[in-house]
Amino acid sequence: MHILIYSYNYHPEPIGIAPLMTELAEGLVKRGHQVRVITAMPNYPERRIYDGYRGKWYVTEQKNGVTIQRSYVRIKSKPNVVDRLLLELSFVFTSLPQVFKGDRPDAIVLTVPPLLGILPATIFSCLYNCPLILNVQDILPEAAVRVGLLKNKWMIRTLAALEKFAYRTAQKISVIADGFSENLVNKGVPVNKLVCIPNWVNINFIRPLPKHDNSWRSTHQLDGKFVVLYSGNIALTQGLETVIEAAICLRHIKDIVFVIVGESRALQRLQEYCLLNGADNVLLLPLQPREKLPEMLAASDVGLIVQKHNVISFNMPSKIPLLLASGRPIVGSVPASGTAARAIALSGGGIIVEPESPHALANAVQNLYTNPTLAAKLGHVGRQFAEANYSLEQALDRYEWLFSQIVVNQKSVESILPELDSKKSVVDG
C-alpha cells in the first residue's frame, strides 16, 4: 500500500510530533508499504531553519526507505499570532507542488496541528480520489484559545469553521486519547468516524536502565542525587514556574535536584525566574540528542508531567508513554479530569497532584524520595503498562487495520458507482 503522510513536523526535529511521525513512516516501510512524507524544512523547537536546509525552497531526501519531500516555510524566532498564521499559510502554498512529485497514494494521513494543513490535504484527497485520515495531536483552535494564545474573535470563528470542515472532510479521524473522542463527539463528530490510537513509544529503544554507571548522570554531576526530570516542550500549556517553585520548597533536602531539559530560548526565561527566586537546586539543560534519550530518562528518579489547570481534553503529552517505558515513576501536576490524568491513573505508574500547586508537587516528590519501594513499584507497573498498551508495533497494527478498512470501503464505493451510472443510463434510454 502507498501511504502519503502530510506532516509539518518530521525528522530530524527531536521532540513533539516529529519523532512519532518518523517512527510511524519508517515502521510502515519495514512492513512492506511505500511511504512518502510531505513536510516543512526542519525548524522546531528553535523556530529557525536547520543548517543545511536554509535558503532552499525544496529538498527531497531518502531515509530508511521513506521518501521525504520538504518545502520552504516562513519562520520567525518570536512569532505572534499573525506570524504563526503566515507560517501555516506558507507551508500550505509551498507544499502543494510536492503532491505531483510522486505516485498516487492509497491513503493520506494528515497530522493536526497545523490546522490549515486540511486545505492542501483535502485537495490531494480529491485529486487522487483517495481517503483522508486526520491524525489529531491537539484539538485546535480550542487549545490556543484556552491557553490565551488566540484572542481575536474573528480569527477564532474562522478557525472553528475550519475545524468543522476538517472533521467533515476526513473519512476517519484518529485521536490519541479517549478524552479527545468525547470532545469531538460533543462537537457533533459521528462516533463511527473516530478511532483511538494512542501515541506510542519504541519500547526496545526506551527501556529501564540502571542509574549506576550512567554517563549522563556523571556528565552533569548528578551522581548520588535524587533527580526529578522534566524534558520536552516548554509552552503555554505547561507553566513550568510551578516546577521551579516546587524545587524551592525542597531546597532543604540537598540530595534532590530538579532538571529541566528544553529549547534554549525558553530556558533563558526560566533561568531568570530561578535567579530571581533563589532556586539553586534546578539544573537547566538544552534539548539532548535523541540517541541520548534512553540514558537521560534512566538518569532520573522521577519524571514530571506538568499542565495548567485549564488543559482538560485538548492536549495529551506524548512524553507519558516515554516515561512509563523508561520504568520511572511519574508525578503528574495535571487537571484531575483531563486526558493526561486519566492516562497516568490507568497506567498505575504515577501520582496525580493538583496542577499549578508547588506545594502539592513538592510533597509528591518528597514522598517518592522517602519511599523508594513505592517509587520502584510505580516504575515497574508503568513499564508493564507501556509494553502492553503503548508499543510501536501495536500502533502499526492499528494503523494497518485502519488503512485496510478505509481503502476497502473506498474501492467498494468506486465499484458501485459505475453500476449506478449504468442503470441510470438504461432507465433514461
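Residues numbered from 1 in each chain as written. Predicted model: local features only at pLDDT ≥ 70, side-chain atom pairs only at ≥ 80, totals over all residues. Heavy atoms only, no water.

- By the naming in an unreviewed UniProt entry, the chain is Glycosyltransferase family 4 protein, taken from Nostoc paludosum FACHB-159.

Regarding the nonpolar core
- Ranked by size, the top nonpolar core spans 77 residues in total, and within it Leu134, Ile173, Val259 and Ile320 carry the most contacts.
- No other element matches the 5 residues that helix H5 (residues 153-169) contributes to this core.
- Excluding residues that lie within four positions of it along the chain, Ile320 makes contacts with Ile305, Ile330, Ala340, Ala343 and Ile344. (Core = buried A, V, L, I, M, F, W, Y, C linked by side-chain atoms within 4.5 Å. Buried < 20%, exposed > 50% of the residue type's maximum accessible area, 1.4 Å probe, protein only. Helix = DSSP H or I, 4+ residues; strand = E, 2+ residues; numbered from the N terminus. Contact = heavy atoms within 4.5 Å.)

Here's the deal with the sheet that holds strand S9 (residues 226-231)
- The strand order across the open sheet built from 6 strands is S11-S10-S9-S12-S13-S14, with neighbouring strands paired in parallel fashion. Only two strands of the sheet have a single partner each, and these edge strands are strand S11 (282-286) and strand S14 (350-353). For this sheet, the mean inter-axis angle between neighbouring strands, taken without regard to orientation, is 25 degrees.
- By the bridge criterion, 4 bridges tie strand S12 (residues 302-306) to strand S13 (residues 330-333) in an arrangement that is parallel. In the strand pairing of S13, Leu304 is matched with Val331.
- Helix H9 (residues 264-277) contacts strand S10 (256-262) and S11 of the sheet and is inclined by roughly 165 degrees relative to S11. (Pairing = 2+ DSSP bridges. Axes fitted to C-alpha atoms, helices over the stretch in contact; angles between N-to-C directions.)

Some words on a nonpolar patch on the surface
- On the surface, a nonpolar cluster with roughly 320 Å² of combined accessible area is contributed by Trp57, Tyr58 and Tyr72.
- On the secondary structure map, Trp57 appears in the loop between strand S2 (34-40) and strand S3 (58-63). (Patch = residues over 30% accessible without salt bridge, like charges linked within 9 Å, V, L, I, M, F, W, Y side chains within 5 Å. Areas by Shrake-Rupley, 256 points an atom, 1.4 Å probe, with all protein chains shown as cover. Salt bridge = Lys/Arg side-chain N within 4 Å of Asp/Glu carboxyl O.)

Focus: the sheet that holds strand S8 (residues 194-196)
- Read from one edge to the other, the open sheet built from 8 strands follows the order S3-S4-S2-S1-S5-S6-S7-S8, with strand pairing classed as mixed. Each edge of the sheet is formed by a strand with only one pairing partner; in this case those strands are S3 and S8. Averaged over neighbouring strand pairs, the angle between their axes works out to 20 degrees when direction is ignored.
- Of the pairings in the sheet, the one linking strand S6 (residues 132-136) to strand S7 (residues 172-175) comprises 4 bridges and is parallel in character. The residue of S7 that forms the bridge with Asn135 is Ser174.
- Running at roughly 160 degrees to S2, helix H1 (residues 17-30) makes contact with strand S1 (2-6), S2, S3, strand S4 (66-71), strand S5 (107-112) and S6 of the sheet.

Considering the layout of surface pockets
- Empty space within the second largest pocket amounts to approximately 470 Å³.
- Along the wall of the second largest pocket there are 24 residues; nearest its centre are Thr22, Glu23, Glu26, Asn202 and Leu392.
- For the lining of the second largest pocket, the class distribution of residues is 9 nonpolar, 7 polar and 8 charged. (1 Å grid on protein atoms, 1.4 Å probe; cavity = no way out; pocket = protein on both sides within 12 Å on 5 of 7 lines; lining within 4 Å. Points joined across faces, edges and corners; volume = space filled by probe spheres on them. Nonpolar A, V, L, I, M, F, W, Y, C, P; charged D, E, K, R; others polar.)

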